[in-house]
Amino acid sequence: MTSTELLTRADALRHGRTPFVLATVVRAERPTSAKPGDSALVLPDGTVEGFVGGTCAESTVQLQGLRLLETGESLLLRITAAAGAGTEDAGATGQGLVTVANPCLSGGTLDIFLEANLPPALVYVYGHAPIARALLDVGRALGLDTRPVSSGEPLPSDLDVVVVASHGRDEEPVLIEAVRAGVPYIGLVASRKRGTAVVAGLGLTEEQRTHVRTPAGLDIGARTPSEVALSVYAEIISLRPPRAPAVRHAGASGAPAVAEAVDPVCGMTVAITAATLSLDRNGDTAYFCGPVCQHAFADDPSRYAHA
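Attention here is on the structure that accompanies the text. (Residues numbered from 1 in each chain as written. Predicted model: local features only at pLDDT ≥ 70, side-chain atom pairs only at ≥ 80, totals over all residues. Heavy atoms only, no water.)

### Overview of helix α9 (residues 291-299)
At step 1: Every buried residue of α9 is accounted for by Cys293, Gln294 and Phe297. All buried residues of α9 fall inside an arc of 100° around its axis, so they share one side. Exposed side chains of α9 directed beyond 90 degrees from the buried face belong to Val292 and Asp299.
At step 2: Next to the buried residues of α9 lie β14 (277-281) and β15 (284-288). (Buried < 20%, exposed > 50% of the residue type's maximum accessible area, 1.4 Å probe, protein only. Helix = DSSP H or I, 4+ residues; strand = E, 2+ residues; numbered from the N terminus. Arc of directions from axis to C-beta. Contact = heavy atoms within 4.5 Å.)

In structure tokens, the structure reads:
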């Protein structure tokens, strides 16, 4: 995959709201198979597209990339063949640098910048009134993916916000569907009296009704449509967790935390994906960073029984 092809692929992933990590080699100390400028994409299923080194280096990039997809952060990854196999420099981690000693490397050191690319929060706005238009404009100014929609449109699994500002038109079915879909923020723009009456008539349980916020927005004395929109987004931001649940965007039903295992041969921590090399022995499954470790284990499993 050429650099142009990789960037085109990255653009397609962004357009499709698929999260990914862009890994770029920024420094290579020989002997290494990768060179500065080599890059790859790490996808939520663990697929690595592109080139950032051999199998062992790629295994490390895959694991760190999957971890970043959970947090949305970026970091500089240093992979070295130095002693201390399989360890990570925890002291450097908090400064944006993670050092991993990979004994499987032929030598040298790789510095790879891993940049998490997560889709912006997806906001559905129902209604055509001035407040609805303001919600779209203000949301875009905040860098959100805001879309005008109509009642009856299906809700995607990664939808973050639903705001109904239709002044009484088709409110109930939209709110019911949003609650049942588990959308994190559901807001109804209405007076307190009317909003309370609408929510009470939705036919939902008491617990479900608490998920509809009405009047939507913080009480900041908003009067104009733009000010109302600002108050709504202020409330959304105030309710946002310290770290956005990036994993919501990983698939149709979300994704669990990264499953990890320790290679019994070299001691490296590897991510468990459909493509991870493995062997079953006595009812247990061993996972490997690459074919060299897999073959070594297959030749003499008893040698690594302690692992």
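### Remarks on the sheet that holds strand β11 (residues 212-213)
At step 1: Overall, parallel pairing links the five strands, which are arranged β8-β7-β9-β10-β11 in an open sheet. In this open sheet, the two strands that pair with only one neighbour each are β8 (145-149) and β11.
At step 2: Note: strand β9 (residues 159-164) against strand β10 (residues 185-188), four bridges, orientation parallel. Bridged to valine 162 within β10 is isoleucine 186. (Pairing = 2+ DSSP bridges.)

### Here's the deal with the pattern of salt bridges
At step 1: One pass over the structure, following the stated rule, counts 13 salt bridges.
At step 2: The shortest N-O distance in the salt bridge between aspartate 111 and arginine 27 comes to 3.5 Å. With aspartate 111 in strand β6 (residues 109-117) and arginine 27 in strand β1 (residues 20-29), this pair connects stretches of sequence that are 84 residues apart.
At step 3: Overall, the relative accessible area of 35% leaves arginine 27 in the partly exposed class.
At step 4: Among the ionic pairs, glutamate 171 bridges to arginine 194, the shortest N-O distance being 2.9 Å. With glutamate 171 in helix α5 (residues 171-181) and arginine 194 in helix α6 (residues 192-200), this pair connects stretches of sequence that are 23 residues apart.
At step 5: With relative accessibility at 1%, the residue glutamate 171 sits in the buried group.
At step 6: When salt bridges with common partners are traced through the structure, they connect Arg17, Asp145, Arg147 and Asp158 into a single cluster. (Salt bridge = Lys/Arg side-chain N within 4 Å of Asp/Glu carboxyl O.)

### What about the packing of aromatic side chains?
At step 1: Within this structure, the stated rule accounts for two aromatic pairs.
At step 2: Relative to phenylalanine 297, the ring of phenylalanine 288 has its centre 5.3 Å away and its plane inclined at 55°; by these criteria the two rings are tilted. For the residue pair phenylalanine 288 and phenylalanine 297, the accessibility class agrees, reading buried in each case.
At step 3: One aromatic cluster in this structure is built from Phe288, Phe297 and Tyr304. (Phe/Tyr/Trp six-rings, centres within 6.5 Å; stacked < 30°, edge-to-face > 60°.)

### Describing the nonpolar core
At step 1: Membership of the largest hydrophobic core comes to 36 residues, with the highest contact counts inside it found for Val61, Leu77, Ile112 and Leu114.
At step 2: With seven residues, the single largest contributor to this core is helix α2 (residues 55-71).
At step 3: Among the nonpolar cores identified, the runner-up in size contains 22 residues, and Ile176, Val198, Val199 and Leu204 belong to it. (Core = buried A, V, L, I, M, F, W, Y, C linked by side-chain atoms within 4.5 Å.)

### A short note on the environment of asparagine 117
At step 1: With respect to the helices and strands, asparagine 117 occurs in strand β6.
At step 2: By relative accessible area, asparagine 117 is classed as buried at 13%.
At step 3: Sequence-wise, asparagine 117 and leucine 69 are 48 residues apart; in three dimensions their C-alpha atoms are separated by 8.0 Å.
At step 4: Polar side-chain contacts of asparagine 117 include one of 3.0 Å to the backbone oxygen of glutamate 115. (Polar contact = N/O pair within 3.5 Å; in protein donor to acceptor, adjacent residues only side chain to side chain.)

### Brief notes about a nonpolar patch on the surface
At step 1: Judged by side-chain polarity, Leu218, Ile220 and Leu230 come together as a nonpolar surface patch covering roughly 270 Å² of accessible area.
At step 2: Judged by its relative accessible area of 37%, leucine 218 is partly exposed. (Patch = residues over 30% accessible without salt bridge, like charges linked within 9 Å, V, L, I, M, F, W, Y side chains within 5 Å. Areas by Shrake-Rupley, 256 points an atom, 1.4 Å probe, with all protein chains shown as cover.)

### Points about the pairing of β10
At step 1: Of the two faces of β10, both are covered, the one formed by Tyr185 and Gly187 as well as the one formed by Ile186 and Leu188.
At step 2: Between the parallel elements β9 and β10, the chain passes through α5 in a crossover that is right-handed.
At step 3: Where β10 lies against β11, two bridges are found, and the strand directions are parallel. Residue glycine 187 lies in a different strand from β11, and its bridge partner there is arginine 213. (Right-handed = clockwise from strand over helix to strand, strands pointing away.)

### What about the environment of serine 33?
At step 1: On the secondary structure map, serine 33 appears in the loop between β1 and β2 (39-42).
At step 2: On the accessibility criterion, serine 33 (53% relative accessible area) is exposed.
At step 3: Distance in space between the C-alpha atoms of serine 33 and glycine 108 is 9.5 Å, their sequence separation being 75 residues.
At step 4: Setting aside chain neighbours within four positions, we find serine 33 in contact with Phe51, Gly53 and Gly54.

### Quick word on α2
At step 1: If you check α2, its first and last C-alpha atoms are 25 Å apart, about what 17 residues at 1.5 Å a residue would give, namely 24 Å.
At step 2: Within α2, twelve of the 17 residues are buried, leaving the element largely enclosed by the surrounding structure.
At step 3: Residues of α2 that are buried include every one of Cys56, Ala57, Ser59, Thr60, Val61, Gln62, Leu63, Gln64, Gly65, Leu66, Leu68 and Leu69, and no others.
At step 4: At the exit of α2 stands glycine 72, carrying a positive phi of roughly 80°. (Expected span 1.5 Å × (residues − 1).)

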